[in-house]
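# Understanding the architecture of this molecule
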Amino acid sequence: MKKIVVLDGKTLGNVDYIKLNEFGQVIYYDLTLKEEVADRIKDANIILTNKVVLNRENLKNATELELICEAATGYNNIDIEYARERKIAVTNVTGYSTTTVAQHTFAMLLHLYDNISYFDNYIKSGEYSKSPMFTNLEVPYKDLCGKVWGIIGLGNIGKRVAKIAQAFGARVVYYSTSGKNADSDYARVEFDSLLKQCDIISIHAPLNEKTEGLINYEAFTKMKKDAVVINVARGPIIVDKDLARAIDEDIIGGAALDVFKIEPIPLENPLINIKNKNKLVLTPHVAWASEEARNRLFADLLENISAYNRKEIRNRVEL
């Protein structure tokens, strides 16, 4: 019977891990610390990981290992070169969160754009009850209709966001970080042009040498004074200290972030201590994680294992 080790099952929440029993003996851990990995996987045939790092050092004694299942799309936590040497199959899961991430993009944008926190607090504080006027025009907000929405990374999620933005009446342009992406439905522009003309900029690109640190202080200075930046892709694409500076210097209108360079975000991160907190919306890397998306992910992961056992290639990472 194959031994299946789940290293950080808590990161997927309440998915039905019992379904793994059809493939073998399941050893489940909520979370696994770096120093615990080697011992926990030494007898494993199959490993499930989301964020736990698997490298040459902790894999070298896992002599029975056949398959590593990444419970996510990105697999930079796995030493692919070593897996290739050992002929260990690696699979990932894609497409499960496209609609969910797009939804969260707009949830954060509209929360910020429409000043929902301010108006909500205005009523709950009792101030509205004391007011002689039926409305509150102290803090203005603007229409999304008619704005220019810039997308960095026009993949599946970027295209979904583009369609929703158009439904709101925004005009969509995009910048291809690879230089290879072309889509006749939207205007492709150069990076500087996107920075200068867009009212909203959302990031949906992968992290690589072309995107790391792409949105820095220089980039912020080229944006409109009321521009809003949204990052639901990878944290290091935005330079945190530069964003904090840009917000507190009123160089841009605001930002909404779901991802950070270090997660959980350290207390000393300058974004935690900005003065203009009303211009910043932060969520803890949850854009992917609706209940439906997590169930789709787990169902796909189960099918990856089933396909592997049938000697079929499915969602296999190229080694």
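Look a little higher up for the structure.
Residues numbered from 1 in each chain as written. Predicted model: local features only at pLDDT ≥ 70, side-chain atom pairs only at ≥ 80, totals over all residues. Heavy atoms only, no water.

For the rest of this paragraph, the subject is the sheet that holds strand β1 (residues 3-6). The parallel open sheet is built from five strands, whose spatial order is β2-β1-β3-β4-β5. In this open sheet, the two strands that pair with only one neighbour each are β2 (25-28) and β5 (89-91). Mean inter-strand twist for the sheet, computed between neighbouring axes without regard to direction, equals 15 degrees. With four bridges joining them, strand β3 (residues 46-49) and strand β4 (residues 67-70) adopt parallel strand pairing. The residue bridging T49 from the neighbouring strand is E70, located in β4. (Pairing = 2+ DSSP bridges. Helix = DSSP H or I, 4+ residues; strand = E, 2+ residues; numbered from the N terminus. Axes fitted to C-alpha atoms, helices over the stretch in contact; angles between N-to-C directions.)

Once that is clear, we can look at the environment of D242. If you trace the backbone, D242 turns up in helix α10 (residues 240-248). Apart from the residues lying within four places of it in its own chain, the contact partners of D242 are N216, Y217 and F220. (Contact = heavy atoms within 4.5 Å.)

Summed over the entire model, instances satisfying the criterion amount to nine aromatic pairs. Through a chain of ring-to-ring contacts, three or more aromatic side chains come together here, namely Y118, F119, Y122, Y128 and Y141. Over the ring of Y29 we find R40, and its NZ or CZ is 3.8 Å from the ring centre. Directly above the aromatic system of Y217 lies the positively charged group of R245, at a separation of 3.6 Å from the ring centroid. (Phe/Tyr/Trp six-rings, centres within 6.5 Å; stacked < 30°, edge-to-face > 60°. Lys NZ or Arg CZ within 6 Å of the ring centre and 35° of its normal.)

Counting 49 residues, the largest nonpolar core has L20, L48, W149, I230 and I305 as its most contacted members. Mapped onto the domain boundaries, this core takes at least three residues apiece from domain 1 (3-96 + 291-310) and domain 2 (97-282). Excluding residues within four positions of it along the chain, I305 makes contact with L20, F23, I46, L48, L67 and C69. With 35 residues, the next largest nonpolar core counts Y175, L214, Y217 and A233 among its residues. (Core = buried A, V, L, I, M, F, W, Y, C linked by side-chain atoms within 4.5 Å. Buried < 20%, exposed > 50% of the residue type's maximum accessible area, 1.4 Å probe, protein only. Domains from an automatic or database assignment.)

To continue, consider the pairing of β1. Of the strand pairs in this sheet, β1 and β2 are connected by four bridges, and their pairing is parallel. Bridge pairing links I4 to V26 in β2. Bridge analysis of β1 against β3 gives three bridges, and the strand direction is parallel. Bridged to V6 within β3 is L48.

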